[in-house]
Amino acid sequence: MARKSARGRLGLQTFRLPPPATLALLYLFSILIGGGVLWLPISVQQPVSLFTALFISTSAVTVTGLSTVDVGTTFTVFGEAVIMILIQLGGLGLMTFAVLVLSALGIPVGMPQRLILREDLNQTALNNLTVLVRVIFSVAILCEVVGLLALSIVWVPQFGWAQGLWYAAFHSVSAFNNAGFALFPGNLSAFVDDPIVNITIPALFILGGLGFIVVGDIYQKRRWGALTLHSKLMLVGTGSLIAFAFVMFAFLEWSNPGTLGGLKGPGAKLWASWFQAVTPRTAGFNTIDTGAMHDSTTLMTMMLMLVGGGSTSTAGGIKVTTLIVLILATVAFFRRQSSLHVFGRSLKLEEIMKVMALTTVSMIMVAGGIFAMTINHDGEFIDLMFEVTSAFGTVGLSRGTTGELDTFGLSMIMVMMFFGRVGPLTIGFFLATRSAPRVKYPAGQIYLG
């Protein structure tokens with residue numbers, strides 16, 4: 001009997017999936033359920049195919065924002081509510097919600113759930129995860145409620161109490177989770193010079209993109225010297241990228257009649273430059289015609305989309321801290337430094353190798369996605385590159401290519417969105433797996449550069 005029980009335990013361990021694989025299946029299951037619900041007649045004003053419903057569900061769960069239909073005119077309020085719930089689930093993390101429900105019911109969170117939650121939150125330790133979950137929800141609810149109140153000032157007088165509040169709630173959730181879904185034709189282009197919209201929406205997705213750990217750290221410490229190294233790097237990196245993108249977008253597009261050149265007055269141009277400078281950081285909203293941008297601006301936007309936001313955030317991309325470590329490592333190499341130092345702290349070689357591995361795999365995935373897209377599509381190459389980069393970075397910006405793709409192209413975009421949201425978690429799992437080498441070899445030399 002004991003031998004049989006041991007075999008049973010061994011069998012369970014044999015077929016037990018690693019936490020990242022389990023998490024990926026949870027996201028896939030949520031996409032399928034969401035697509036099925038969005039396909040129902042109660043969710044749509046006009047019938048859509050099951051494939052279209054699955055595409056929208058994938059875009060919502062991965063908080064991307066790419067869409068083949070006009071969300072505001074295609075879906076009913078019920079359908080829009082389903083999309084908003086999928087955005088919230090995908091943005092804050094499926095296991096985050098599961099742990100919150102278990103804690104509310106008084107059910108202890110076991111080790112398997114903690115392992116999956118650790119992967120979902122991109123953490124390395126198992127302690128204080130439930131505390132982090134409460135911080136995440138507190139920050140999210142507070143930011144989204146404040147965003148709702150601010151946006152209702154604009155949309156309640158224009159659309160009435162019921163519709164205005166609904167618009168404010170939907171866009172507040174979509175913005176904080178960096179989803180980019182909008183209920184207006186042309187996204188937010190009708191509010192290109194509205195100060196409240198141009199402040200509230202970016203504030204929400206910047207806070208969501210900084211990461212819950214950074215926001216919580218700022219709230220607790222409230223002094224620059226007391227902040228953690230991660231928080232300092234995120235704040236400096238985010239501020240630098242925003243300033244750079246703002247200046248460059250205004251410089252490149254100021255006289256373009258299809259973007260800033262068609263706006264009235266320098267005020268509207270500056271508001272649009274500000275919005276387009278911050279939205280590529282996986283937010284996906286737009287107030288100008290993205291397809292009319294110059295190629296130079298398009299390339300800059302793609303680079304910003306690849307960088308994304310911060311770890312433990314609602315944003316995608318390779319992350320701001322990854323870019324900073326890459327730059328620091330490059331500078332250290334040319335200075336012949338054997339270690340990296342920043343803000344009075346040093347970075348381990350393990351962290352540098354992890355950054356290089358994540359960046360390399362991300363570049364291979366993006367290049368592979370672009371190659372696969374070009375096999376079946378001979379359209380504008382830069383538009384296809386933009387679409388794939390936007391999908392992998394879970395951004396949601398498009399140059400108008402999404403609606404022109406066939407089933408194969410849309411399937412590839414769905415795969416890129418899924419891997420952009422879940423893929424880094426799986427990569428991180430394998431990078432975190434340590435194995436001591438059994439054999440040590442003598443050092444060799446190769447010539448580089």
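Please read all numbers here as calculations on a predicted model, not as lab measurements. (Residues numbered from 1 in each chain as written. Predicted model: local features only at pLDDT ≥ 70, side-chain atom pairs only at ≥ 80, totals over all residues. Heavy atoms only, no water.)

Engineer: Now, about the pattern of salt bridges: what can you tell me, with residues and values included?
Structural biologist: All told, the structure shown has two salt bridges when counted by the stated rule. Note that aspartate 217 is salt-bridged to lysine 221, the shortest N-O span being 2.9 Å. Of this pair, aspartate 217 and lysine 221 both sit in helix H11 (residues 212-221), four residues apart, which is roughly one turn of that helix. The class for aspartate 217 is buried, based on a relative accessible area of 5%. A salt bridge links aspartate 383 to arginine 399, with the nearest nitrogen and oxygen atoms 2.5 Å apart. Here the residue aspartate 383 occupies a position in helix H17 (residues 381-392), and arginine 399 occupies one in the loop between H17 and helix H18 (407-432), the gap between them amounting to 16 residues. (Salt bridge = Lys/Arg side-chain N within 4 Å of Asp/Glu carboxyl O. Helix = DSSP H or I, 4+ residues; strand = E, 2+ residues; numbered from the N terminus. Buried < 20%, exposed > 50% of the residue type's maximum accessible area, 1.4 Å probe, protein only.)

Engineer: Explain H11 to me, using residue names and the numbers behind them.
Structural biologist: For H11, the complete set of buried residues consists of Phe212, Val214, Val215, Gly216 and Asp217. Just downstream of H11 lies arginine 222, where phi reads positive at about 60°.

Engineer: Report on the side chain of asparagine 198, specifying residues and quantitative values.
Structural biologist: Looking at the secondary structure, you find asparagine 198 in helix H10 (residues 195-210). A distance of 3.1 Å separates a polar side-chain atom of asparagine 198 from the backbone oxygen of phenylalanine 191. Those residues in contact with asparagine 198, other than ones at most four positions away along the chain, are Phe191, Val192, Asp193, Trp271, Trp274 and Phe275. (Polar contact = N/O pair within 3.5 Å; in protein donor to acceptor, adjacent residues only side chain to side chain. Contact = heavy atoms within 4.5 Å.)

Engineer: Outline a nonpolar patch on the surface, supporting the account with residue identities and numerical values.
Structural biologist: Taken together, the side chains of Leu25, Leu28 and Leu32 present a nonpolar region at the surface, about 270 Å² in accessible area. Along the polypeptide, leucine 28 turns up in helix H2 (residues 19-39). (Patch = residues over 30% accessible without salt bridge, like charges linked within 9 Å, V, L, I, M, F, W, Y side chains within 5 Å. Areas by Shrake-Rupley, 256 points an atom, 1.4 Å probe, with all protein chains shown as cover.)

Engineer: Explain the packing of helix H9 (residues 161-176) against H10 to me, and be specific about the residues and the numbers.
Structural biologist: Two numbers describe how H9 lies on H10: the axes approach to 7 Å, and their chain directions differ by 40°. When the axes of H9 and H10 are compared, the pair comes out oblique. Counting all contacts with H9, which are made through His171, Ser172, Ala175 and Phe176, the residues of H10 involved are Ile201, Leu204, Phe205, Leu207 and Gly208. In terms of residue class, the contact of H9 with H10 is made up of six nonpolar, three polar and no charged. (Axes fitted to C-alpha atoms, helices over the stretch in contact; angles between N-to-C directions. Parallel < 35°, antiparallel > 145°, perpendicular 65-115°, else oblique. Nonpolar A, V, L, I, M, F, W, Y, C, P; charged D, E, K, R; others polar.)

Engineer: How would you explain the nonpolar core if you had to name every residue and give the values?
Structural biologist: In terms of nonpolar packing, the biggest core is built from 75 residues, with Ile83, Trp155, Phe181, Leu188, Ile201 and Ile413 touching the most fellow members. Tallying contributions element by element places helix H8 (residues 129-159) first for this core, with nine residues. Excluding anything up to four places from it in sequence, tryptophan 155 contacts Gly160, Gly164, Tyr167, Ala168, His171, Phe184, Leu188, Phe191 and Val197. (Core = buried A, V, L, I, M, F, W, Y, C linked by side-chain atoms within 4.5 Å.)

Engineer: Report on the packing of helix H12 (residues 229-253) against helix H14 (residues 295-307), specifying residues and quantitative values.
Structural biologist: Axis angle and axis distance: for two packed helices, these are the angle between their axes and the distance between the axes, and together they describe the pair. At a minimum axis distance of 10 Å, the contact between H12 and H14 shows a crossing angle of 165°. Taken as axis vectors, H12 and H14 run roughly antiparallel relative to one another. Where H12 crosses over H14, the handedness of that crossing is left-handed. Residues Leu241, Phe244, Ala245, Met248, Phe249, Leu252 and Glu253 of H12 form the contact with H14, whose participating residues are Ser296, Thr297, Met300, Leu304 and Val307. Class assignment for the residues of the contact of H12 with H14 results in nine nonpolar, two polar and one charged. (Left-handed = near helix turned anticlockwise from the far one by under 90°.)

Engineer: Please set out helix H15 (residues 320-334) residue by residue, giving values where relevant.
Structural biologist: Between its terminal C-alpha atoms H15 stretches 22 Å, which fits the 21 Å expected from 15 residues at 1.5 Å a residue. Within H15, the full set of buried residues consists of Val320, Thr321, Thr322, Ile324, Val325 and Ala332. On its buried side, H15 packs onto H12, H14, strand E1 (340-342), strand E2 (345-347) and helix H16 (349-376). Remark: arginine 336 follows H15 within two positions and exhibits a positive phi of approximately 60°. (Expected span 1.5 Å × (residues − 1).)

Such coordinate-based values are descriptive only and should not be taken to indicate function.
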